[in-house]
Amino acid sequence: QVHLAESGGGLVQPGGSLRLSCAASGIISGIYYMAWFRQAPGKQRELVARITPGSSTNYADSVKGRFTISRDNAKNNAKNTMYLEMNSLKSEDTAVYYCAADQWTWETYNYWGQGTQVTVSS
């Protein structure tokens, strides 16, 4: 059974940094497409960044140059981890951040974590 668990959220001042982690179990994440989404209060969920099994990446324009997505791939069905390094954080980055995974595509995702809150405020 696939399970995704985010961690690393918290309160940070504008201009600060955070590193989110997504621990994936029950899948061989090296062959899965994975992504980070976020949802701010009163807004729709939006894609932040995504990564292919071969580690090609794609970012929302709003985070390009500030956020970096990466992954550790295990060679067996063990726990694997995806990361989101967030720098130069702005108040508009405040949201619940979710990780997602899918075996076949990076357009839609079948598996989701519970989310971790990121608050950027002075």
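Structure first, text after, so check above.
Just so we're clear, the structure is a prediction, and the values are computed from it rather than from any experiment. (Residues numbered from 1 in each chain as written. Predicted model: local features only at pLDDT ≥ 70, side-chain atom pairs only at ≥ 80, totals over all residues. Heavy atoms only, no water.)

A.B. asks: Summarise the sheet that holds strand β1 (residues 3-7); cite the residues concerned and give the values.
C.D. replies: Sheet architecture is open: four strands sit in the order β1-β3-β8-β7, paired in antiparallel fashion. Where the open sheet ends on each side, the last strands, each with one partner, are β1 and β7 (67-72). Averaged over all neighbouring strand pairs, the angle between strand axes comes to 15 degrees, with direction disregarded. In this structure, β7 lies alongside strand β8 (residues 80-86), joined through six bridges in antiparallel fashion. Across the sheet, the residue bridging to Ser-70 is Tyr-83, located in β8. (Pairing = 2+ DSSP bridges. Helix = DSSP H or I, 4+ residues; strand = E, 2+ residues; numbered from the N terminus. Axes fitted to C-alpha atoms, helices over the stretch in contact; angles between N-to-C directions.)

A.B. asks: Account for the state of the cysteines, naming residues and giving values.
C.D. replies: Taken as a whole and assessed by the stated rule, the structure comprises one disulfide. Disulfide pairing is shown between Cys-22 and Cys-99; the S-S distance is 2.2 Å. When the S-S torsion is 55 degrees, as for the bridge of Cys-22 with Cys-99, the disulfide is right-handed. Placement of Cys-22 in strand β3 (residues 18-25) and of Cys-99 in strand β9 (residues 95-102) is noted, with a sequence separation of 77 residues between them. In this structure Cys-22 comes out as buried when scored by relative accessible area, which is 0%. (Disulfide = S-S within 2.5 Å. Buried < 20%, exposed > 50% of the residue type's maximum accessible area, 1.4 Å probe, protein only.)

A.B. asks: Mind laying out the environment of Lys-43, listing which residues take part and the relevant values?
C.D. replies: Its location among the elements puts Lys-43 in the loop between β4 (33-39) and β5 (46-51). Judged by its relative accessible area of 58%, Lys-43 falls in the exposed class.

A.B. asks: So, the pairing of β8: which residues are in play, and what are the values?
C.D. replies: β8 sits mainly inside the fold: five of its seven residues count as buried. Pairing analysis gives seven bridges linking β3 to β8, with the strands arranged antiparallel. Paired with Leu-18 across the strands is Met-86, a residue of β8.

A.B. asks: Describe the pattern of salt bridges, and please don't skip the residues or the numbers.
C.D. replies: Using the criterion set out here, one finds six salt bridges in the structure. For the salt bridge of Arg-19 with Glu-85, the shortest nitrogen-to-oxygen distance reads 3.7 Å. Separated by 66 residues along the polypeptide, Arg-19 in strand β3 and Glu-85 in strand β8 bring together distant segments of the chain. A relative accessible area of 46% means that Arg-19 is categorised as partly exposed. Judged by relative accessible area, Glu-85 falls into the partly exposed class, the value being 31%. One salt bridge in this structure joins Glu-107 and Arg-50, with 3.8 Å as the shortest N-O distance. Placement of the pair is Glu-107 in the loop between β9 and β10 (111-112) and Arg-50 in strand β5, with a sequence separation of 57 residues. (Salt bridge = Lys/Arg side-chain N within 4 Å of Asp/Glu carboxyl O.)

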